[in-house]
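Below, each chain spelled out in residue letters.
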Amino acid sequence: MATSASSTINFSTKPSRTSLSWKTRLASSSAFAVAAVSPGRDQRQYPRFVIFSMGAKPTVLVAEKLGEAGVDLLKEFADVDCSYNLSPEELRNKISLCDALIVRSGTKVSREVFESSGGRLKVVGRAGVGIDNVDLAAATEHGCLVVNAPTANTVAAAEHGIALLTAMARNIAQADASVKAGKWLRNKYVGVSLVGKTLAVMGFGKVGSEVARRAKGLGMHVIAHDPYAPADRARAIGVELVSFDEAIASADFISLHMPLTPATKKVLNDETFAKMKKGVRIVNVARGGVIDEDALVRALDAGIVAQAALDVFTVEPPSKDSKLIQHENVTATPHLGASTMEAQEGVAIEIAEAVVGALKGELAATAVNAPMVPAEVLSELKPFVELAEKLGRLAVQLVAGGSGVKSVKVTYGSARAPDDLDTRLLRAMITKGLIEPISSAFVNLVNADFTAKQRGLRIAEERSHLNGSPESPLEFIRVQIANVESKFASAISDSGEIRVEGRVKDGIPHLTKVGSFEVDVSLEGSIILCRQVDQPGMIGKVGSILSEENVNVSFMSVGRIAPRKHAVMAIGVDEQPSKESLKRIGEIPAVEEFVYLKL
């Protein structure tokens, strides 16, 4: 058995708003009070990670120009508000009415935006690759999924990088301006050849690797620096991966394709420019902030940098009197990397599909602030996701009011090797089930670990290795809550913990164990658990009471220690019984305790 502990999480349980429980002697009528669960938090169709009110269409705010094909796709599913050039204050005022927000690079989605949303904003879509204009930490804390469109504009950005590279090498922009001014300065605009020159690609992701392919076709020697790039992919293109210092020291041309992060901010500065070949030429179609623009001006004036071709800037648009923009050895374009007709349409469709999918509850493949669960893993674990959440909901509703839930152990029974089971998604759903019934928090895959940690709850995961076929990822999931009292004493295991266990049968989650009692009841609707003296007629008596109120029984199972001893009866019901019906069940002489649990 391999054990791995997850993040630590601690919260105090309030009396459950979704459960009713009695022992043989009933409490006062106030014990029957049930508070309604808010509509948004009780939608659990798989896989519901992002949830919105099902009573009306969601609202999507498009804050920057988006291709018509993407807007049309959004309109098929949502009410779309296209409001461009909003001020920060206007955005904050609007956002509380929106379920999703789509931006490009010009809109800052700050912590204040998420706070102003009042918890309604569930998805932010960035129409493009970079997400440095979105506060990811705040998005995660507020349970908001952030998705981007990383593939549609890859070729366009790479093509623009090559266009700037060749235009810079041959002084195209300067020569064009000169000719249009009536001059003919052939000797002034003599360029340099690309063949045989060394190009350093700084950032070997999607765009960087595409630039490398095209530069190889131009006869350049290409090296690259990227601490995360796989060496085999570089070798396949014919590119050598080198250190940062080696890349900038040996390059004739440098093309930047790195994201803007604290580690890359102003990574090209006075110190790094001093390490470069004199006469180096720089292309930037990534992010303006990766270059110290004042330092670049100094390097250009000193001749360290012969030329620069820039599509992005620290502040966009840059000021008209910018020394960098006005420098005669700088070629500048207004952030055109993704500006082809094909790319604009592709990005619009890609981000619209990602946002609509997220609003439908699907885990987007382009999510940037959620654990990346591969599609094949997601598909395989699909039947167990609902089981995980419902076991969490059952377990926490069994905790007696006033007990503080501090420690939860989750056991996954599987015939697979310990490293061949990705449980992040299951842990998130168990956390959702544990927290939502007893708090106002909204929990999803994005913020599950954060929310748990914030509440001081410790969730330990362990694997129970079973003999058998590894075709199914899981045989069972067991949830145990330690050091608490239970409102249903029979849920306490021999080791003193509340314990519930479940399996998936024919695609349906089933409760298969409560405490030390074996049961088998479908986790659909809600459940009544009864501990009783095992004697004839018990099923009929309980079933008769429920049928008189037209409460449909979906499943019924009895687990017992031995014939004529104690037994636990688990009853699945489609509707919530009335207080009077539940009271009558509790008054059956052979019923020692029971609890109604809402799923």
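Residues numbered from 1 in each chain as written. Predicted model: local features only at pLDDT ≥ 70, side-chain atom pairs only at ≥ 80, totals over all residues. Heavy atoms only, no water.

- In the nomenclature of an unreviewed UniProt entry, the protein chain is known as D-3-phosphoglycerate dehydrogenase of Nicotiana tabacum.
- On record in UniProt, under Subunit (unreviewed entry), the comment for the protein chain is "Homotetramer."
- Per UniProt, the comment on the protein chain under Sequence similarities (unreviewed entry) is "Belongs to the D-isomer specific 2-hydroxyacid dehydrogenase family." (UniProt positions renumbered as here; feature names shortened; annotations may be inferred.)

**Looking at helix α1 (residues 68-75)**
Inference 1: All of the buried residues along α1 are Gly70, Val71 and Leu74. One side of α1 holds all its buried residues, which, seen down the axis, span an arc of 100°. (Buried < 20%, exposed > 50% of the residue type's maximum accessible area, 1.4 Å probe, protein only. Helix = DSSP H or I, 4+ residues; strand = E, 2+ residues; numbered from the N terminus. Arc of directions from axis to C-beta.)

**Some remarks on the pattern of salt bridges**
Inference 1: Evaluation of the coordinates by the stated rule reveals 24 salt bridges.
Inference 2: Here Glu462 ties to Lys409 by a salt bridge, and the two come within 3.9 Å at their closest N and O atoms. With Glu462 in strand β18 (residues 457-465) and Lys409 in strand β17 (residues 407-414), this pair connects stretches of sequence that are 53 residues apart.
Inference 3: For Asp520, the salt bridge is made with Lys505, and the minimal N-O distance between the two is 2.8 Å. With a gap of 15 residues between them, Asp520 in strand β22 (residues 517-522) and Lys505 in strand β20 (residues 498-505) connect regions that are remote in the sequence.
Inference 4: Exposure remark for Asp520: the relative accessible area of 29% places this residue in the partly exposed category. (Salt bridge = Lys/Arg side-chain N within 4 Å of Asp/Glu carboxyl O.)

**Section: the packing of helix α5 (residues 154-169) against helix α7 (residues 206-217)**
Inference 1: Interaxial distance between α5 and α7 falls to 8 Å at its minimum, and their mutual angle equals 50°. One finds that α5 runs oblique with respect to α7. The two elements α5 and α7 meet at a crossing, and its hand is right-handed. Facing α5, whose interface residues are Thr154, Val155, Ala157, Ala158, Glu159 and Ile162, α7 presents Lys206, Val207, Glu210, Val211, Arg214 and Ala215.
Inference 2: Here the contact of α5 with α7 is composed, by residue class, of seven nonpolar, one polar and four charged. (Axes fitted to C-alpha atoms, helices over the stretch in contact; angles between N-to-C directions. Parallel < 35°, antiparallel > 145°, perpendicular 65-115°, else oblique. Left-handed = near helix turned anticlockwise from the far one by under 90°. Contact = heavy atoms within 4.5 Å. Nonpolar A, V, L, I, M, F, W, Y, C, P; charged D, E, K, R; others polar.)

**Some remarks on the nonpolar core**
Inference 1: Of all hydrophobic cores here, the largest spans 54 residues; its most connected members are Leu398, Val408, Ile477, Ile481, Leu511 and Leu529.
Inference 2: Other than its neighbours up to four places away in sequence, Ile477 contacts Phe384, Leu387, Ala388, Leu391, Val410, Thr411, Tyr412, Ile430, Val500, Glu501 and Gly502.
Inference 3: Ranked by size, the runner-up nonpolar core spans 30 residues in total, among them Met202, Met258, Val305 and Val330. (Core = buried A, V, L, I, M, F, W, Y, C linked by side-chain atoms within 4.5 Å.)

**Side note on the sheet that holds strand β6 (residues 100-103)**
Inference 1: Sheet architecture is open: five strands sit in the order β5-β4-β6-β7-β8, paired in parallel fashion. Sheet topology places β5 (79-82) and β8 (145-148) at the edges, where each strand pairs with a single neighbour. The average undirected angle you get between the axes of adjacent strands in this sheet is 20°.
Inference 2: Here four bridges tie β6 to strand β7 (residues 123-126), and the two strands are oriented parallel to one another. Pairing of Leu101 across the sheet is with Val124, part of β7. (Pairing = 2+ DSSP bridges.)

**Some thoughts on the environment of Thr333**
Inference 1: Looking at the element boundaries, Thr333 is found in the loop between β15 (330-332) and α13 (341-359).
Inference 2: Taking relative accessible area as the criterion, Thr333 reaches 15% and is therefore assigned buried.
Inference 3: Through-space distance from the C-alpha of Thr333 to that of Ala309 is 8.1 Å; in sequence the pair is 24 residues apart.
Inference 4: Apart from residues no more than four positions distant in its own chain, Thr333 is found in contact with His160, Leu164, Leu310, Asp311 and Phe313.

**As for unusual backbone geometry**
Inference 1: Following Glu316, the chain continues into Pro317 via a peptide bond in cis, with omega recorded as -5°.
Inference 2: Examined against the element boundaries, Pro317 turns out to sit in the loop between β14 (305-310) and α12 (323-326).
Inference 3: For Lys266, which is not glycine, the phi torsion reads 55° and is therefore positive.
Inference 4: Residue placement: Lys266 occurs in the loop between β12 (253-256) and α10 (270-273).
Inference 5: For Asp506, which is not glycine, the phi dihedral falls at a positive 55°.
Inference 6: By the secondary structure assignment, Asp506 is in the loop between β20 and β21 (508-514).

**Re the environment of Ala428**
Inference 1: Mapped onto the fold, Ala428 is located in helix α15 (residues 424-435).
Inference 2: Sequence spacing of Ala428 and Ala448 is 20 residues, and the spatial spacing of their C-alpha atoms is 5.2 Å.
Inference 3: Ignoring anything within four residues of it in the chain, the contact list for Ala428 reads Val443, Leu445 and Ala448.

**So, the sheet that holds β12**
Inference 1: The seven strands are arranged β11-β10-β9-β12-β13-β14-β15 in an open sheet whose pairing can be described as parallel. Of all the strands in the sheet, just β11 (240-241) and β15 have a single pairing partner and so form its edges.
Inference 2: Pairing of strand β9 (residues 198-202) with strand β10 (residues 221-225) involves five bridges; the strand directions are parallel. Paired with Thr198 across the strands is His221, a residue of β10.

**Here's the deal with α15**
Inference 1: Taking 1.5 Å per residue as the helical rise, α15 with its 12 residues ought to reach 16 Å, and the 16 Å between its terminal C-alpha atoms agrees with that figure.
Inference 2: The element α15 is largely enclosed, with a buried count of 11 among its 12 residues.
Inference 3: Those residues of α15 that sit buried are Leu425, Leu426, Arg427, Ala428, Met429, Ile430, Thr431, Lys432, Gly433, Leu434 and Ile435. (Expected span 1.5 Å × (residues − 1).)

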